[in-house]
Amino acid sequence: MSDPAKTRRHAERVRELVASLVREIKDPRLGMLTVTDARITGDLREATVYYTVLGDSTEQASTAAALESAKGMLRSRVGHALGLRHSPSLTFVLDNVLDHAKEIDDLLAEARHRDQEVQRLAAGKKYAGDPDPYKSDEDEDEDDSERVGAAEDKG
């Protein structure tokens, strides 16, 4: 197994290389593609490249087909650029960043709505206990005078 820092550097380099090499692919099926991340195994034999495509599901499917057909060229060029004995096999995974962002926005909107509902329910309500449930300075003064009086009684 190789050094984790070396693995991270190679993964970052794979991401950069694939992003630049995709521009050279002359396949008309290739859409507006952005390489978002790359990960490589510790033995540097397998690399997973995450990408996103601007467009609908048909454009995503055609881009996936174009990447699969160009996988051999990309693999050999990446392996040669990395200077490895064995070129890492590439796996492309569609990363739906826009779907994840929409899901997060929906969750945040729901949390805001629930917070507003809690604030609406809490408006005008009072606490069940004393207004100041903690001991105050006056209470401490009374306790000290009681202790002094009790000590004098014993003496």
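It should be noted that the structure appears before, not after, this text.
Owing to the predicted nature of the structure, the values given are computational and were not obtained by experimental measurement.

Each value, and the rule that gives it
- Residues numbered from 1 in each chain as written.
- Predicted model: local features only at pLDDT ≥ 70, side-chain atom pairs only at ≥ 80, totals over all residues.
- Heavy atoms only, no water.
- Helix = DSSP H or I, 4+ residues; strand = E, 2+ residues; numbered from the N terminus.
- Buried < 20%, exposed > 50% of the residue type's maximum accessible area, 1.4 Å probe, protein only.
- Contact = heavy atoms within 4.5 Å.
- Areas by Shrake-Rupley, 256 points an atom, 1.4 Å probe, with all protein chains shown as cover.
- Axes fitted to C-alpha atoms, helices over the stretch in contact; angles between N-to-C directions.
- Parallel < 35°, antiparallel > 145°, perpendicular 65-115°, else oblique.
- Left-handed = near helix turned anticlockwise from the far one by under 90°.
- Expected span 1.5 Å × (residues − 1).
- Arc of directions from axis to C-beta.
- Salt bridge = Lys/Arg side-chain N within 4 Å of Asp/Glu carboxyl O.

**Quick word on the overall build of the protein chain**
For step 1, the next point in the chain: Of the regular secondary structure elements, the protein chain holds five helices and three strands.
For step 2, the next point in the chain: Ordered by position in the sequence, the α and β elements of the protein chain form the string α-β-β-α-α-β-α-α.
For step 3, the next point in the chain: Counting all 155 residues of the protein chain, 22% fall into the buried class.
For step 4, the next point in the chain: Relative to all contacts within the protein chain whose residues are 6 or more apart in sequence, the contacts with residues 24 or more apart total 61%.
For step 5, the next point in the chain: Roughly 11,500 Å² of accessible area belongs to the protein chain as shown, and the carbon and sulfur atoms make up 51% of that amount.

**Describing the packing of helix H1 (residues 4-21) against helix H3 (residues 71-82)**
For step 1, the next point in the chain: At a closest axis distance of 10 Å, the pairing of H1 and H3 adopts a crossing angle of 130 degrees. With respect to their mutual orientation, H1 and H3 come out oblique. In this structure, H1 crosses over H3, and the sense of that crossing is right-handed. Residues His10, Arg13, Val14, Leu17, Val18 and Leu21 of H1 form the contact with H3, whose own contacting residues are Leu74, Arg77, Val78, Ala81 and Leu82.

**Observations regarding H1**
For step 1, the next point in the chain: Under the 1.5 Å per step criterion, the end-to-end length of H1 is 25 Å for 18 residues, consistent within 8% with the ideal 26 Å.
For step 2, the next point in the chain: When we look at burial in H1, the residues that qualify are Thr7, His10, Ala11, Val14, Leu17, Val18 and Leu21. For H1, the arc enclosing every buried residue in end-on projection is 130 degrees, short of the 170-degree limit, so these residues lie on one face. In H1, the exposed positions angled more than 90 degrees off the buried face are occupied by Arg8 and Arg9.
For step 3, the next point in the chain: Buried residues belonging to H1 abut strand E1 (32-40), strand E2 (46-54), H3 and strand E3 (89-94).

**What about the pattern of salt bridges?**
Close approach of charged atoms lets side chains of opposite charge pair.
For step 1, the next point in the chain: By the definition in use, this model includes nine salt bridges.
For step 2, the next point in the chain: With a shortest N-O distance of 3.1 Å, Glu68 and Lys71 are connected by a salt bridge.
For step 3, the next point in the chain: Using a relative accessible area of 44% as the deciding quantity, one classes Glu68 as partly exposed.
For step 4, the next point in the chain: What makes Lys71 partly exposed here is its relative accessible area of 23%.
For step 5, the next point in the chain: Between Arg114 and Glu110 there is a salt bridge whose closest N-O contact spans 2.7 Å. A residue pair is termed a helical-turn pair when its members lie 3 or 4 positions apart in one helix, as Arg114 and Glu110 do in helix H4 (residues 97-122) at four residues.

**A look at the side chain of His10**
For step 1, the next point in the chain: Within the secondary structure layout, His10 lies in helix H1.
For step 2, the next point in the chain: Aside from chain neighbours lying at most four places away, what touches His10 is Ile40, Leu44, Leu82 and Leu84.

**Some details on H3**
For step 1, the next point in the chain: Between its first and last C-alpha, H3 extends 16 Å over twelve residues, near the 16 Å set by a 1.5 Å rise per residue.
For step 2, the next point in the chain: Those residues of H3 that sit buried are Leu74, Val78, Gly79 and Leu82. Summarising the axial view, the buried residues of H3 lie within an arc of 125 degrees, below the 170-degree limit, and thus occupy one face.
For step 3, the next point in the chain: The inward-facing, buried residues of H3 contact H1, helix H2 (57-69) and E3.

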